[in-house]
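Geometric and topological summary
Now for the letters of each chain:
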Amino acid sequence: GQVVSKPFVAAGQRLMLNVDVHKAGEAQVEVLDKAGKPVPGFDMKSSIRLRGQGVEQAVSWKEANWKSLAGKSVSLRIQLRHADLYAFWIESSQ
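This section reports on the structure supplied with the text. (Residues numbered from 1 in each chain as written. Predicted model: local features only at pLDDT ≥ 70, side-chain atom pairs only at ≥ 80, totals over all residues. Heavy atoms only, no water.)

Overall, the coordinates contain four aromatic pairs when judged by the stated rule. Ring geometry for W61 and W66: centres 6.4 Å apart, planes at 20 degrees, overall stacked. Residue W66 is classed as buried on the basis of its relative accessible area of 3%. (Phe/Tyr/Trp six-rings, centres within 6.5 Å; stacked < 30°, edge-to-face > 60°. Buried < 20%, exposed > 50% of the residue type's maximum accessible area, 1.4 Å probe, protein only.)

Okay, structure coming up:
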């Protein structure tokens, strides 16, 4: 399944998830612009898959960095396969 967040202004150093990924599962995050289109470099193909259980899993992309989105209005599309999402948040420092 998937979850799409409400729009918000990006800030902080990195995006974090509290997610429980079950065996053979994964979680990925895509960043969407105001029009609901993937932001270049933050699309699902560029998202590094999260696996395993973790209350603080940092989300990353192959060639993009969360900090570069500062001040932009975005929303998140969180794709889950055999996974349970409990929360997401932005950390202001690493």
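Next, the rest of the story.
What follows concerns the pattern of salt bridges. Summed over all chains, the structure comprises five salt bridges. Salt-bridge contacts for E26 lead to R81; the nearest nitrogen and oxygen are separated by 3.8 Å. On the criterion of sequence distance, the pair formed by E26 in strand β3 (residues 14–32) and R81 in strand β5 (residues 73–91) is long-range, its members being 55 residues apart. Accessibility expressed as a relative area gives 40% for R81, which makes it partly exposed. Linking E30 and R77 is a salt bridge whose minimum nitrogen-to-oxygen distance equals 2.5 Å. (Salt bridge = Lys/Arg side-chain N within 4 Å of Asp/Glu carboxyl O. Helix = DSSP H or I, 4+ residues; strand = E, 2+ residues; numbered from the N terminus.)

Turning to its location among the elements, S75 is positioned in strand β5. Using a relative accessible area of 7% as the deciding quantity, one classes S75 as buried. Leaving out residues up to four positions away in the same chain, S75 has contacts with S5, K6, P7, F8, E30, V31 and L32. (Contact = heavy atoms within 4.5 Å.)

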